[in-house]
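Each chain, written out:
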Amino acid sequence: MKLLHYLKYFLFHVIGLLSAAAVLAGGAYITMGLISVLVIYVVGDALCGDDTSTPKFEYPGILTVQLWMALPLLSFIVFAAIWSVSPGDPLGFGAALTHWTGYDVLAAREATASIHHVSTVIVTGLMIGMVGTITGHELTHRTWDPISMLVGRWLLAFSFDTVFAIEHVYGHHRYVSTTEDPATAPRGRNVYFHIVASTIKGNISAWRIEQKRLARKGQGLFSWHNAVIRGHLMSVLLVGVAAAMGGWQAALFFTACGLWGKALLEIVNYMEHYGMVRNPATPVQPRHSWNTNKRISSWAMFNLTRHSHHHAQGEVPYQDLKPFPDAPMMINGYLTTILVAMIPPLWHKLMTPKVLAWDRDYATPEERALAAQANARSGIAEMEALVPAASAR
């Protein structure tokens with residue numbers, strides 16, 4: 001039974017390999033692979049219930065290696081995706097794979113219709129968001145471990161978001177659920193506006209945090225010491241590798257995949273703290289994040305689902321996070337909630353009652369006053385109707 005608790009987190013790697021295999025198989029297999037990934041998460045979470053177990057892991061080093069394995073895995077997935085749109089056969093990969101497997105991947109690639117290349121962008125961006133960002137998030141919280149930080153930043157480079165290692169750890173965790181946090185979506189905000197706004201403001205915040213750090217150390221802002229600049233150069237290097245493999249078309253293709261992966265992060269930010277309010281001077285509590293304990297999301301996302309505990313104690317490794325079943329709960333598992341968030345009318349229909357219930361059941365008196373102000377600005381009729389005339393002014 002103890003072994004299962006280690007093995008369950010390999011579901012993450014299995015889904016990544018499934019995605020790569022689908023891309024390499026070409027044609028309709030790509031779209032079927034994408035659909036399979038969606039079904040695993042959405043249907044799996046719907047049928048498999050919650051995982052509220054809190055096992056004690058005697059060998060946490062195994063779990064750290066599982067995280068580090070995400071970098072070669074994501075590199076392979078992205079290599080396969082770029083190879084699938086390259087005019088030649090970079091590194092002779094296709095010829096070698098055909099020889100080893102007996103399946104002609106080169107012919108399959110040539111026969112792949114444009115619609116299935118769109119599926120490649122979607123599934124690759126999904127893997128950049130899940131294999132890259134989720135693992136990069138966990139690793140860049142381990143500021144005491146240089147290997148984890150290095151692996152984490154390279155994972156984030158695939159989505160052009162190495163600044164996440166700065167803004168998220170030193171900005172978001174400090175200001176979460178307040179108006180000062182770029183990643184916290186106020187009530188009534190459209191998710192597509194949030195993707196753009198949070199990206200721009202998050203980069204500005206990261207630059208300012210890094211500027212202050214360099215000033216304290218007496219180091220130059222425009223120098224190799226600047227982690228923002230170094231991070232963006234890491235992403236530029238990846239674009240260069242894509243261009244070397246397949247020209248400008250491959251570079252553009254990789255950029256589209258990476259930006260979609262970045263957009264997924266901002267959608268996740270949107271749904272993790274949507275509508276929450278907090279006085280920045282008060283401690284972050286489990287009630288300031290939307291939580292979920294859905295089994296498949298938990299196993300295949302390294303317990304990102306246990307977000308309430310993560311924000312209450314950001315330094316706790318993923319395997320030690322508690323489920324907090326009494327915390328505010330998301331609509332469902334992560335991918336299901338992402339899909340709902342991408343349909344704004346459905347999102348607001350389902351989340352408005354949850355946000356108002358949060359005001360009633362979780363908020364302090366001070367937070368209820370902040371919530372009334374947020375309701376007045378929301379543009380949502382059900383929220384505005386609850387605002388006393390004095391609060392609306």
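For the structure itself, consult the block above.
Here goes a summary of the coordinates provided. Given the structure is predicted, the values throughout are model-derived calculations rather than measurements.

Calculation criteria
- Residues numbered from 1 in each chain as written.
- Predicted model: local features only at pLDDT ≥ 70, side-chain atom pairs only at ≥ 80, totals over all residues.
- Heavy atoms only, no water.
- Helix = DSSP H or I, 4+ residues; strand = E, 2+ residues; numbered from the N terminus.
- Salt bridge = Lys/Arg side-chain N within 4 Å of Asp/Glu carboxyl O.
- Buried < 20%, exposed > 50% of the residue type's maximum accessible area, 1.4 Å probe, protein only.
- Core = buried A, V, L, I, M, F, W, Y, C linked by side-chain atoms within 4.5 Å.
- Contact = heavy atoms within 4.5 Å.
- Axes fitted to C-alpha atoms, helices over the stretch in contact; angles between N-to-C directions.
- Parallel < 35°, antiparallel > 145°, perpendicular 65-115°, else oblique.
- Nonpolar A, V, L, I, M, F, W, Y, C, P; charged D, E, K, R; others polar.
- Phe/Tyr/Trp six-rings, centres within 6.5 Å; stacked < 30°, edge-to-face > 60°.
- Lys NZ or Arg CZ within 6 Å of the ring centre and 35° of its normal.

Another point: the environment of Ile147. Among the secondary structure elements, Ile147 is positioned in helix H9 (residues 146–157). Considering only alpha carbons, one finds Ile147 and Gly333, 186 residues apart in sequence, at a separation of 31 Å.

Time to look at the pattern of salt bridges. Across all of its chains, the model carries 11 salt bridges by this definition. Here Arg109 makes a salt bridge to Glu110, at a shortest N to O gap of 3.8 Å. Given the relative accessible area of 9%, Arg109 is considered buried. A salt bridge links Asp361 to Arg360, with the shortest nitrogen-to-oxygen separation between them at 3.0 Å. If you follow the salt bridges from partner to partner, you end up with Asp161, Lys262 and Glu266 in one network.

A few words on the nonpolar core. The biggest cluster of nonpolar side chains holds 81 residues, and the ones touching the most others in it are Tyr41 and Tyr274. Top element by residues in this core is helix H12 (residues 227–273). It accounts for 14 residues. Once residues lying within four places of it in the same chain are set aside, the contact partners of Tyr274 are Ala185, Pro186, Arg187, Gly188, Arg189, Trp290, Trp347, His348, Met351, Val355 and Ile380. Judged by nonpolar contacts, the second largest core, of 5 residues, contains Val163, Ile166, Ala227 and Val228.

Below, the discussion takes up the packing of helix H3 (residues 28–48) against helix H15 (residues 334–341). Between H3 and H15, the shortest axis-to-axis distance is 7 Å and the interhelical angle comes to 105°. By the criterion of interaxial angle, the relationship of H3 to H15 is roughly perpendicular. Contacts between H3 and H15 involve Val37, Leu38, Tyr41, Val42 and Asp45 on the former and, on the latter, Tyr334, Leu335, Thr336 and Leu339. Residue classes in the contact of H3 with H15 are distributed as 7 nonpolar, 1 polar and 1 charged.

Right, let's get into the packing of aromatic side chains. Across all of its chains, the model carries 15 aromatic pairs by this definition. Measuring from centroid to centroid gives 5.8 Å for Trp83 and Phe93, while their planes differ by 75°, and the two rings are edge-to-face. Here Trp83, found in helix H5 (residues 70–83), pairs with Phe93, found in helix H6 (residues 93–101); they are 10 residues apart in sequence, far enough to count as distant. Pair check on accessibility: Trp83 and Phe93 agree, each one buried. Judged by centre distance (5.4 Å) and plane angle (45°), the ring pair of Tyr270 and Tyr274 falls under tilted. An aromatic cluster is present here, built from Tyr6, Tyr9, Phe12, Phe57, Phe302 and Tyr318 joined pairwise through their rings. In this arrangement the basic side chain of Arg109 is found over the ring face of Trp83, its NZ or CZ atom lying 4.5 Å from the centre. Its guanidinium or amino end placed over the ring of Trp224, Arg230 lies 5.9 Å from that ring's centre, counting from NZ or CZ.

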